[in-house]
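Chain residues, written in single-letter form:
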Amino acid sequence: MNGAEAVVQILLQEGVDIAFGYPGGAIMPVYDALYDYQENIHHVLARHEQGAIHAAQGYARASGKPGVCLATSGPGATNLITGIADAQIDSTPVVCITGQVASPFLGSDAFQETDVIGISMPVTKWNYQVTRAEEIPGALAKAFFIARSGRPGPVLVDITKDAQFEEFNFSYEPCTFIRSYTPIPKPDLQKIKEAAELINSAQRPYILFGQGVILAKAEAEFKSFIEKTGIPSAWTIMGLSALETDHPLNVGMLGMHGNYGPNLLTNECDVLIAIGMRFDDRVTGNLATYAKQAKVIHIEIDPAEIDKNVKTDIAVLGDAKEVLTELIDLVKPNTHTKWLQRFEECAKMEHEKVIQNELHPDTDILSMGEVIRILNDKTGGDAIIVSDVGQHQMVACRYAQFKQSKSNITSGGLGTMGFGLPAAIGAKLGAQNRTVIAVLGDGGFQMTMQELATIYQTQAKVKVLLLNNEFLGMVRQWQQLFFDKRYSSTEMINPDFQQVVKGFHIPTKKVTERELLEEAIEEFINFDGAYFLEVMVGKENNVFPMVPSGAGVAEIRLE
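Basis of the calculations
The numbers attached to residues start from 1 for each chain and follow its sequence in the written order. Selection of residues for local features in this predicted model requires a pLDDT of at least 70, selection of side-chain atom pairs for listing and counting requires 80 or more, and totals for whole chains, interfaces and linings are taken over all residues. Neither water nor hydrogens contribute to the side-chain values; these are computed over all heavy atoms in the structure. To qualify as a helix, a DSSP run of H or I must reach at least 4 residues; to qualify as a strand, a run of E must reach at least 2; elements of each kind are numbered from the N terminus. Here a polar contact is recorded for every N or O atom pair within 3.5 Å, except that within protein the pair must consist of a potential hydrogen donor and a potential acceptor, and residues adjacent in sequence are included only if both atoms are side-chain atoms. By definition, residues are in contact when any of their heavy atoms lie within 4.5 Å. Under the scheme applied here, a residue whose accessible area is under 20% of the maximum for its type counts as buried, over 50% as exposed, and between as partly exposed, the area being computed with a 1.4 Å probe on protein chains only. Between any two strands, at least two bridges found by DSSP are needed for them to pair. Axis definition: a line fitted to C-alpha atoms, limited for helices to the stretch in contact. Angles are taken between N-to-C directions and run from 0 to 180 degrees.

Draft legend 1. Highlighting the side chain of Asn 263. Looking at where Asn 263 falls in the secondary structure, it is placed in helix 12 (residues 260-264). Among the polar contacts made by the side chain of Asn 263, one reaches the main-chain carbonyl oxygen of Asn 259 at a distance of 3.0 Å. When near neighbours in sequence (up to four residues on either side) are disregarded, Asn 263 contacts Met 253, Leu 254, Gly 255, Gly 258, Val 283, Val 547, Val 553 and Ile 556.

Given below as structure tokens:
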């Protein structure tokens, strides 16, 4: 068979049933081969390659399987780069297959030629350029293995057009081993014992958990571990939903706009246990003052993250599920009642100064928090919430309620505006039995709003909730607090979104008054199909608490 047909056969053998992409000249042979397999592989035609890769990310995050993305050479491939970088920093398994000009023209500045291997190398887990058809099986087998193994990530295989046409004797073996690549380090049992001893002797132990718990499918082990030890546990935004939000040991959100107690008490604990998280600067604030009093245990699959930002006393390399399984048998049953009371005191203070007014405003102006509160009431915590980036993202992460894992999908490390809408399409296709709600701001929505056409064409039952404050809200908040209210290029003169959405044949409604909000959200949730709900919220509302840039976590501000 030819190389293009081989690509499709490999996708089938790897269990791929959905691919996202946009056709063009250099990838056209693969699309021609796909034509005969439309019943086996559902191709989702995005309206921009960035939309395609964000949709593939959303699919991967909701389903736990690698997302697959196809694009042509030149601008098609370069339009993937933002999403690839997003997937890399958020550990999302995505397999990108790009077409390339024919091999005799490589390096000649041919039409729609770019060095996508060179461009993507810093933001992929692995990439490779294929110039002969016989290389395709080995390259794609390796790509799928690397993307999904260990700490997952994006890979890219660039295939020249002549390799897609060339015929060869096809055979395929999935990859299970690559020399010198150890995706899952074998845990050191002595280190686990040392960690257990430190945990057992701790007076004020504290757990920070990230997406590593979800990626390792270690939610049950994690829950058993914290319930046995009685240790308060806080999450990064990527770790949100690994533990149900109403669990008594779930003390809340870390980070710049996280909860008061989880940030403040980082500098009061005596043992800090980090599980599947990377000590991102938004979590740590100023490293010079971060948890200096604590012994630090770091459970992590990627050796590159150990001691990168925070120096550890005990590092346990390995898969979180495997490490926690060993650790559960070694830790002693405990309760830390007095220590937990400190978190409760901080939560009460935050509720009085911030949360009460955010969820139940005493003005006529609608707040983002009250919208999320009503959304919680109507979904019962069972929905997948896909947020874009900005104030609405922080509010959604702070106040959304979740009962099951893989329910919070957002752009964490890269903070990519425009992520939310296409990622929600992918999430819905990856978890078709669940309600999927895209929570967007007016800024990020306009970066990828053409993907409403993808919703219309696929008939994906995505719910789109637009929290419109007519500002680039997060930037405006910083301008207000740190730049003397000099609102430089942050006010948005928006189109009539209702008319825009009607043009895509999607039912839509706009709410400006509180008395209409609850009924509108109920209609939004219960409608059998895609639905767009725009809610006008306060133009100059701020998100608090907040750790100012460059400050330590103990300097968190409630107002």
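Draft legend 2. Structural context of the environment of Val 7. Of note, Val 7 is situated in helix 1 (residues 3-13). Given a relative accessible area of 0%, Val 7 falls into the buried group. On a C-alpha basis, the gap between Val 7 and Gln 164 in space is 8.5 Å, while along the polypeptide they are 157 residues apart. In contact with Val 7, other than residues within four places in its own chain, are Val 30, Ile 97, Ile 136, Leu 140 and Ile 159.

Draft legend 3. Representation of unusual backbone geometry within the structure. Omega for the peptide link from Phe 544 to Pro 545 comes to 0°, which places this bond in the cis form. Among the secondary structure elements, Pro 545 is positioned in the segment after strand 18 (531-536). Phi is positive for Ser 241, close to 95°, though the residue is something other than glycine. Position of Ser 241 among the secondary structure elements: in the loop between strand 8 (233-235) and strand 9 (250-253). With a phi angle near 50°, Ala 291 is a residue other than glycine that sits in the positive phi range. With respect to the helices and strands, Ala 291 occurs in the loop between helix 13 (281-284) and strand 11 (295-300). When its relative accessible area of 5% is taken as the criterion, Ala 291 is described as buried.

Draft legend 4. Structural context of the sheet that holds strand 15 (residues 436-441). Taken in spatial order, the 6 strands of this open sheet run 14-13-15-16-18-17, and their pairing is parallel. Looking at strand neighbours, the two that pair on one side only are strand 14 (408-409) and strand 17 (508-511), the edges of this open sheet. Contacting strand 13 (384-387), strand 15, strand 16 (462-468) and strand 18, helix 16 (residues 368-379) crosses the sheet at an angle of about 160° to strand 16. Of the strands in this sheet, strand 15, strand 16, strand 17 and strand 18 touch helix 23 (residues 517-526), which is tilted by about 160° from strand 18.

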